[in-house]
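# Residue-level structural notes
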Amino acid sequence: MVIFCQTDGSTLQNLAKPSSSDTKSNPCVSMPPVIPSRKSVPLDNTDQTTYWNEGAGAKWVANQARLDRLFAPLTQALVAAAAPRPGEHVLDIGCGCGDVSLATAALVGPTGHVRGVDISRPMLERARARQTVEGRGLALDWLEADAMTYAFEPTADLLISRFGVMFFADPLAAFGNLRRGLKPGGRFAFLCWRRRESVEWMQWPLDQVAHVIPLPPSTLGAPGPFGLADEAATTRLLTQAGFSDVTADPVEAALTVGEGSDPVDDALGLLLQTGPFASVFNEAEDSARAQAKPLLRRAFEAKVQNDAVRLGGACWLYRGVAR
Ligand SMILES: C[S@@+](CC[C@H](N)C(=O)[O-])C[C@H]1O[C@@H](n2cnc3c(N)ncnc32)[C@H](O)[C@@H]1O
């Protein structure tokens, strides 16, 4: 079942299969499963902690409102699928600047509680600041902790995450630990990106400049945006970590990457600071960057429709229950 999100945030459900690039024979499919070898992968998240506390954290804070508008149709699909109920206790894993935590806290109400968990101090500071304005009176707090290792009390009814669970050095250990934070029968709903080739807002900009900045290799299965993009491997992983009834539903939406009085400038600003394009662009030689920027500008100009630049977003919505 594909969940198509409308730009007004409503969802349409359809029995279509995921796009062929998710399922066709492709070099990524033959890569090792997500579960890393305990010998070859360091079992701590030091690199990610540094990444989200240094450059990336500040960029996500600076673009918080813009990113929340970009992801809005996906957020609505996630929260609708997770269906937080009044009185429930919820953990928002990798909560970042708190958008999903705030939306969820409004639904669980004063008899429930939401805790946003993250390793990024600057993003949590932003979440706390938002709470005083947008979340006054909500039963909501924040925890700076590594969700892979933190000793959660087994009290949550629901784990939720928008793009916050793809970065663990040891995903099997991490999801086993997260399961221990749920009551027996508690449930999870996580939104994760599909393979880069299926995610237009990440792949298309790279394609536009590929003759000056070569396409980077796939990072399918490695800690990062595509860490849980292989739905068969991720379903196995979640089952092995102690969840039952694990499902992966494709969610698709047109995402507004450029908006406002100059949508092309807006799209360039966003893509040059956050997401996979920014990582690749920032590592390129100065001369390649100087050629790539005008190429991308012209490509965005050709994409403007009704005063906006929209590109597709394609995710997996993983759900399951603690055994
Ligand atoms: C792509 S951002 C998403 C943030 C937020 N959920 C959103 O949608 O705006 C990924 C988030 O996961 C957090 N994160 C990464 N590894 C983590 C870990 N081991 N424990 C807790 N948070 C983690 C990062 O600090 C970052 O805030």
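What you see is a predicted model, and the numbers here were worked out from it, not measured in a lab. (Residues numbered from 1 in each chain as written. Predicted model: local features only at pLDDT ≥ 70, side-chain atom pairs only at ≥ 80, totals over all residues.)

### Let's talk about the overall build of the chain
Helices and strands together make up the secondary structure of the chain, namely 12 helices and 9 strands. Taking all 323 residues of the chain together, 46% fall into the buried category. Of the contacts formed within the chain by residues at least 6 apart in sequence, a portion of 81% connects residues at least 24 apart. (Helix = DSSP H or I, 4+ residues; strand = E, 2+ residues; numbered from the N terminus. Buried ≥ 20, exposed ≤ 12 C-beta atoms within 10 Å, placed from the backbone. Contact = placed C-beta atoms within 7 Å.)

### Examining the confidence of the model for the chain
When pLDDT is averaged along the chain, the result is 90; 87% of the residues meet or exceed 70. Within the chain, the element-level pLDDT minimum falls on strand 2 (residues 11–14), averaging 42, and the maximum on strand 3 (residues 89–93), averaging 99. (pLDDT = per-residue confidence, 0-100.)

### Some remarks on the site of the ligand
Among the 22 residues in the neighbourhood of the ligand, the closest are listed as Trp52, Gly94, Gly96, Ser120 and Ala147. Of all elements in the fold, only helix 2 (46–53) and strand 4 (113–118) reach the threshold of two or more residues within the shell around the ligand. Of the residues belonging to the shell around the ligand, the class tally is 12 nonpolar, 6 polar and 4 charged. (Near = placed C-beta within 6 Å. Nonpolar A, V, L, I, M, F, W, Y, C, P; charged D, E, K, R; others polar.)

### Here we look at the packing of helix 10 (residues 263–271) against helix 12 (residues 286–303)
Two elements in contact, helix 10 and helix 12, have axes separated by 9 Å at closest approach and are oriented at 130°. By the criterion of interaxial angle, the relationship of helix 10 to helix 12 is oblique. Taken as a pair, helix 10 and helix 12 cross one another with a handedness that is right-handed. Of the residues in helix 12, those in contact with Val264, Ala267 and Leu268 of helix 10 are Leu296, Arg297, Phe300 and Glu301. (Axes fitted to C-alpha atoms, helices over the stretch in contact; angles between N-to-C directions. Parallel < 35°, antiparallel > 145°, perpendicular 65-115°, else oblique. Left-handed = near helix turned anticlockwise from the far one by under 90°.)

### Re the pairing of strand 9 (residues 309–322)
Of all 14 residues in strand 9, 11 are buried; the element is thus mostly enclosed. Relative to strand 9, strand 8 (residues 243–258) runs antiparallel, the two sharing 13 bridges. What sits directly across from aspartate 249, in strand 9, is leucine 317. (Pairing = 2+ DSSP bridges.)

### Thoughts on unusual backbone geometry
Despite not being glycine, phenylalanine 163 shows a phi value in the positive range, around 60°. As for its position among the elements, phenylalanine 163 is in the loop between strand 6 (156–162) and helix 7 (171–180). One non-glycine residue, asparagine 306, adopts positive backbone phi at about 50°. A tally of 6 C-beta atoms within 10 Å means that asparagine 306 is categorised as exposed.

### Observations regarding the packing of helix 8 (residues 200–208) against helix 11 (residues 275–283)
With their axes 7 Å apart at the nearest point, helix 8 and helix 11 run at an angle of 30° to one another. Classified by the interaxial angle, the pair formed by helix 8 and helix 11 is roughly parallel. Taking contact as the criterion, the partners of Met202, Pro205 and Leu206 in helix 8 are, on helix 11, Gly275, Pro276, Phe277 and Val280. Of the residues contributing to the contact of helix 8 with helix 11, the split by class is 6 nonpolar, 1 polar and no charged.

### Section: helix 8
Note on helix geometry: an α-helix contains 3.6 residues per turn, so any two residues three or four positions apart are oriented the same way. Residues Trp201, Met202, Gln203, Pro205, Leu206 and Gln208 constitute the buried set of helix 8. Each element contacted by the buried residues of helix 8 is listed here: strand 8, helix 10, helix 11, helix 12 and strand 9.

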